[in-house]
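Geometric and topological summary
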Amino acid sequence: MSKREAFLEAACQENVEDFLCFIQLHKDKAEPFDVEEVVQEMTRDQRRTLWGKLALLLQDVLQELPPALLQEGSKECMEVEATADPKHVMAVVDGVTLVAMVSVKVLQDGDTYSALLEIVHRLHGVLVSLPVSEAPLQLHIHTLCEAWWKKGLKEKETFGRTALLISLQKSFILKKPGVEIQRVWSLHDVLLSVDYTSEDNKQIIDLLLQCFHRPIYIKNDDGKRFLVFLFSWNVNFICVIHGTIKNQLEFYSKTITTHITEIYFRAWKKASEDFLEKIESSCIQDFMLNAIFLYRASPVHAKVRQIVGYFHKRKGCHKVDKMLYDLYKPILWKALTAPNFEVRANATLLFTEAFPVHDPDHNTKNIDETIQKQLDTVMGLLDDPHPTVRSNAILGVCKILAKCWELLPPTVVADFLKKLVMELAADTSSPDVRCSVFKCLPIVLDNSLSHPLLEKLLTTLKYSLHDSSEKVRTAFLDMLIKVKAVRAAKFWDVCNMDHLLARLAIDSHSVSKRIVDLLFKSFFPVNEPEREWCCRCITLIQMNPMAARKFYLHAHKHTAPTNIVKLMFAIRRVLNRCIQTDCDLSEINDSNKENSAQAEPLFGKDMAVVSHLLEVVVILWRSVEKGLKQNKEAQEYTFAKFGNVMSKYFQSFEDERCTVPLIHLASFMPPGAVPTFSCGILSRLRRMDPGAVPAQYSQLLDCMCSWGQATDILELITDWLTEALPKQGDKANTTRKVRIQETVEAKPDLALAYLEYLFSRTSTREKVLALGPSPLKQLHTVLGNWRSVLYTYLSSTMEDKSPSVETALKVFMYYGRLGAHLQHNSSEGRDYLLSLEHVAAWVAERVLPFLARRTSDGDGKESEESHPLAAQITESFLTVCRDVLLVGLGDEMFKGQILHLCSLALLSEAGYLCIPAVLLILKEVTDSYVPEDTNNQVQENQEDATTVILGVVANIFQKIIELLARRLRKEPEEGQQLCQSAVTGLTDFLQVAQNWDKAPLSGVFSTLFAAIIVEKRHVLQKITHPEEMSAPESVEDMPPLSSVLLSVILKLPSVTRAFLTEVISSLDSEAISSLYELAAVLQLMAVIKATGQSKAVLKSAATSVQQQLHKHAVTLVDSRDIQRVIYESSVKTVNEILDF
């Protein structure tokens, strides 16, 4: 039996296993059996017989498989699993699909394939309901449908539509959909048989629109072809596509927008008749309108401009020019004269980009007249009253000149450039306009034909370098750099060298780096010998020393580190020759006519030049320090070269101006390279005058730290602070006698100055903290011992004391600050936080009693002196604690201890003095608990700790408000000063507290509201005459405390909203009910109304007040005059607020 006959016989239900064996043999590459070859060799009758038998086999197999099995995971599947094996059924279906696919390939003209069509119909039904697990079979049936469509067989529309639908769906879910998108494009003609208006095709239309949401479609070549084709499917579909793209435009990147623009352009280029008209009117012209009328701040404005600009760039083509002329004609010219400046500005950009906007079908004369009118329009735009329009017109004119220079009449070109250079570059009304001139002139410079004319005109701009606006100066320099690059003119003819150097010396980094870029080759000619580099360097120093510093500060950005080091060595040789010739440098400074008016700059024994040369070496060395560290050989060579001469430099250049850079130089080298100098630094620090300023010791400290000798500095500081502590008894006297042998006396103030410098700079602080715990712990202990000095001042009345109280207070603060640094540097434990907690206990036990001590006849003087000092000590400590909390070092225990200290301080008799410092603590504690993510669930015990801490914060705040009110009553003038000193702290605290809308911190605004209402009610109750009743118009019209609190509340809109929320809450709870309280609330709201904030919330609160105010209307019929006046005034106020 032949293969054909055996395969034909196997295609039935009875021999299905043989059929599956044949299919398996076909799939096995090692076997010679090929289904396609067998089917191809069959006669037409055999193929018809095969298809008929396979149709029956497929029908029987699918009948055995219940529909539930095609839905993956259904309950019925489990119940019928025993009646049919799904895997067997799917294998048979897959085999039939394979034979059908082969049959489609070998189908010939004249073949009758009704049985094959039946098979494909059944497989099509299976395809729609296949589960995800049968992806291979789905792919095979999908391929069969695609092949049927491409073959053009009967009912191809049904199968082609399904193939396209599945390809679209798969292209959206695959990670790499490139192949599927290619398949979609191959099936694009299917859409020609799809009815756009049919509801049955809504699914496929939605999928087509989703293609415009997928960047992979937009960027893929086949995807782009498909999207272009969609514009030609149905004329009504164009508007739907355009609407989809507009909705997505905000989310497109710049690259995707470029692809979208290309799709529009290709669709327009291929379109004709109705499709062309629709694309032009509904898409391109719509983009033009949006480009004109959208606000410049709109997130899609730049992308719309990008799309329209794509068409402008394709000008020169007859079809494009004609389209732009037709579409712009009804909209552009009106927009150029619109009242709104943004519309004019947008239209100006479009107009100048599309220039000239003309009809290519007109004759030459008409075109010339049109262009001349447009040139006149552009000139008029340069005189527009709004600077934004003028700026855009400047950009447009420069683009027109660069593009059309040789096409425009010379007089027109000259007029435009004169307008820009002589008028708009000096526009005093707007720096933006001046800036635009210099930003846009480089566009013109790109056209070499402009250089002769610009060379003459640019010389009038030299004073623009000194423009009051930095951005104008920056733009001017960018233009000069462009002038230099294109060699349009000599930049020093445009702007004098002296002016450039003067501006380099004093201007910002942004301007300075551009001047260096401009001048670099002039003063650092890397192609010249190194001797010439030095000559230029000396010339630059002589012309402007400060400019020289700035120049070499930026030099490393323009040349290799090797050249920087070479210049350092060249300057070293000059300095060596200076020593040998008794400081006569004239012989090594050759002529330098390019950069100076003097042929040979001479300065004899001028130490100023020497000091500046040393400064240049320092600047250059610092700029390549990292590079030298990476190249050990070069670093050692540099150390050796400069180390050999440093001692001579110190001997020869004794001028103070030279000493500063020499010390800097020494700090770059190891101490062994400068032994004479390094050995004497500690002695110089020790002998320093106690009143020395940082400039005298900062470099010495830097040197010590860079050499790894920070330990010696700490020992000196520790010794001085230890020796300066007062000692008692004979032992102290004996020690003091021994100390007489020391070279210098203790200088605690200088020790603190050294300590301040070491910890205020990052580089030195890191070196000190890297020393380890031992020396720092010893210093920390010594600083802590100074608390006894402060207590002595508190408890003693002696006037002649040493050290001073100011020194003791500084030491006390440094003790806390050093503890914070050490805690931050500590990897584990909380030893230094514990030390701060001990200090808090000391303050509470030994300092606060002096705040609580009342003044009496017996000890009045002592109390008067102790109150301010005790307050100073407390405030100093709270300031340190605030810093600890600010950097996130404080834990729950620390916060609790500090808040307890704040409570004790406020309960003291003079505790009001500490209110500003306490408010800063409250702010930092609250800020550490501000919820960042409400979705994160916090554990209950943590919530309890937070509630407790914030409850304490709310109670302390209430106490502060009470103290402020009490102080204002007792000492109004002092109370006002106290309130003003607390404004900053109140503002910061309320800004943090308003983030909490629940207890306990919601009570903060309850406290504020109650304080204001109570104070205002008290004022209202004291009114005795109707004339005294008047509604406040501003914060200043409120009582003292209310005035301060409201000024803080109304400063920030968010705090105002939180406060008004509390007002409404209090009114809704009917806690405010009396006439005086309601009147106080209304006067408060009148003040808020005057600021214009929160209109809706104010009206809501006014409605609540109005409802309660009506309750007093009946009771006041026979009431006294004052209450009647208050009621009428309140009614008037509430009506004004409701009409607001």
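Basis of the calculations
Residues numbered from 1 in each chain as written. Predicted model: local features only at pLDDT ≥ 70, side-chain atom pairs only at ≥ 80, totals over all residues. Heavy atoms only, no water. Helix = DSSP H or I, 4+ residues; strand = E, 2+ residues; numbered from the N terminus. Buried < 20%, exposed > 50% of the residue type's maximum accessible area, 1.4 Å probe, protein only. Salt bridge = Lys/Arg side-chain N within 4 Å of Asp/Glu carboxyl O. 1 Å grid on protein atoms, 1.4 Å probe; cavity = no way out; pocket = protein on both sides within 12 Å on 5 of 7 lines; lining within 4 Å. Points joined across faces, edges and corners; volume = space filled by probe spheres on them. Nonpolar A, V, L, I, M, F, W, Y, C, P; charged D, E, K, R; others polar. Phe/Tyr/Trp six-rings, centres within 6.5 Å; stacked < 30°, edge-to-face > 60°. Lys NZ or Arg CZ within 6 Å of the ring centre and 35° of its normal. Contact = heavy atoms within 4.5 Å. Polar contact = N/O pair within 3.5 Å; in protein donor to acceptor, adjacent residues only side chain to side chain. Patch = residues over 30% accessible without salt bridge, like charges linked within 9 Å, V, L, I, M, F, W, Y side chains within 5 Å. Areas by Shrake-Rupley, 256 points an atom, 1.4 Å probe, with all protein chains shown as cover. Lys, Arg positive; Asp, Glu negative; His and termini not counted. Charge placed at Lys NZ, Arg CZ, Asp CG, Glu CD.

1. Focus on the environment of Asn340
Positionally, Asn340 belongs in the loop between helix 19 (332–335) and helix 20 (341–354). Note on Asn340: relative accessible area 36%, which makes it partly exposed. Through-space distance from the C-alpha of Asn340 to that of Asn363 is 35 Å; in sequence the pair is 23 residues apart.

2. Some remarks on unusual backbone geometry
Note that the residue after Phe355, namely Pro356, is joined by a cis bond; omega there is -10 degrees. The backbone of Glu155 shows a phi angle near 55 degrees, a positive value even though the residue is not glycine. Looking at the secondary structure, you find Glu155 in the loop between helix 8 (135–151) and helix 9 (156–173).

3. Observations regarding the pattern of salt bridges
The tally for this structure, following the rule as stated, stands at 39 salt bridges. Two residues, Arg225 and Asp222, come together in a salt bridge whose shortest N-O distance is 2.6 Å. Remark: Asp222 and Arg225 occur in helix 13 (residues 221–230); sequence separation between them is three residues, near one turn of the helix. Classification of Asp222 as buried rests on a relative accessible area of 16%. For Arg761, the salt bridge goes to Asp702, with nearest N and O atoms at 2.8 Å. Residue Arg761 is found in the loop between helix 41 (748–760) and helix 42 (762–769), and its partner Asp702 is found in helix 38 (residues 694–706); the two are separated by 59 residues along the sequence. Judged by its relative accessible area of 17%, Asp702 is buried.

4. Looking at empty space enclosed by the protein
Enumeration according to the criterion identifies two cavities of 30 Å³ or more in this entry. What the largest cavity holds in volume is close to 50 Å³. Lining the largest cavity are Leu755, Phe759, Tyr814, Arg817, Leu818 and His821. Broken down by secondary-structure element, the contributors of at least two residues to the lining of the largest cavity are helix 41 and helix 45 (805–825). With four residues, the top contributor of residues to the lining of the largest cavity is helix 45. Per-class residue counts for the lining of the largest cavity are four nonpolar, one polar and one charged. The computed volume of the second largest cavity comes to approximately 30 Å³. If you go around the second largest cavity, the residues you meet are Ile284, Phe287, Met288, Val308, Phe311, His312 and Leu324. Taken together, the elements giving at least two residues each to the lining of the second largest cavity come down to helix 16 (273–293) and helix 17 (301–313). For the lining of the second largest cavity, a count of residues per class yields six nonpolar, one polar and no charged.

5. As for the packing of aromatic side chains
For the coordinates displayed, the defined rule picks out 38 aromatic pairs. Centroid distance Tyr310 to Phe311: 6.4 Å. Interplanar angle 75 degrees. Geometry classified as edge-to-face. Pair check on accessibility: Tyr310 and Phe311 agree, each one buried. Taken together through their ring pairs, the aromatic side chains of Phe520, Phe523, Phe524, Trp533, Phe551 and Tyr552 make up a single cluster. The ring of Phe172 carries Arg214 above its face, with NZ or CZ at 4.5 Å from the centroid. The aromatic ring of Trp268 is capped on one face by Lys319, whose charged end is 4.7 Å from the ring centroid.

6. As for helix 13
In terms of residue burial, helix 13 counts as a mostly covered element, since eight of its 10 residues are buried. Among all positions of helix 13, only Asp222, Gly223, Lys224, Phe226, Leu227, Val228, Phe229 and Leu230 are buried. Buried positions along helix 13 lie against helix 9, helix 10 (178–186), helix 11 (202–210), helix 12 (215–219), helix 14 (237–248) and helix 15 (254–270). By the N-cap criterion, in which a side-chain oxygen at the helix start approaches the backbone nitrogen of a residue two or three places on, helix 13 is capped by Asn220, the distance to Asp222 being 2.8 Å.

7. Remarks on a positive patch on the surface
A cluster of basic residues, Lys254, Lys269, Lys313, Arg314 and Lys319, forms a positive patch at the surface. Following the sequence through the fold, Lys269 ends up in helix 15.

8. A look at the side chain of Thr388
Among the structural elements, Thr388 can be located in helix 22 (residues 387–404). For Thr388, the residues in contact, after removing those within four places along its chain, are Arg296, Phe341 and Ala345.

9. Describing a negative patch on the surface
On the surface, a cluster of negative charge is made up of Glu5, Glu9, Glu17 and Asp18. Elements with a minimum of two residues in the negative patch: helix 1 (3–10) and helix 2 (16–27). Mapped onto the fold, Asp18 is located in helix 2.

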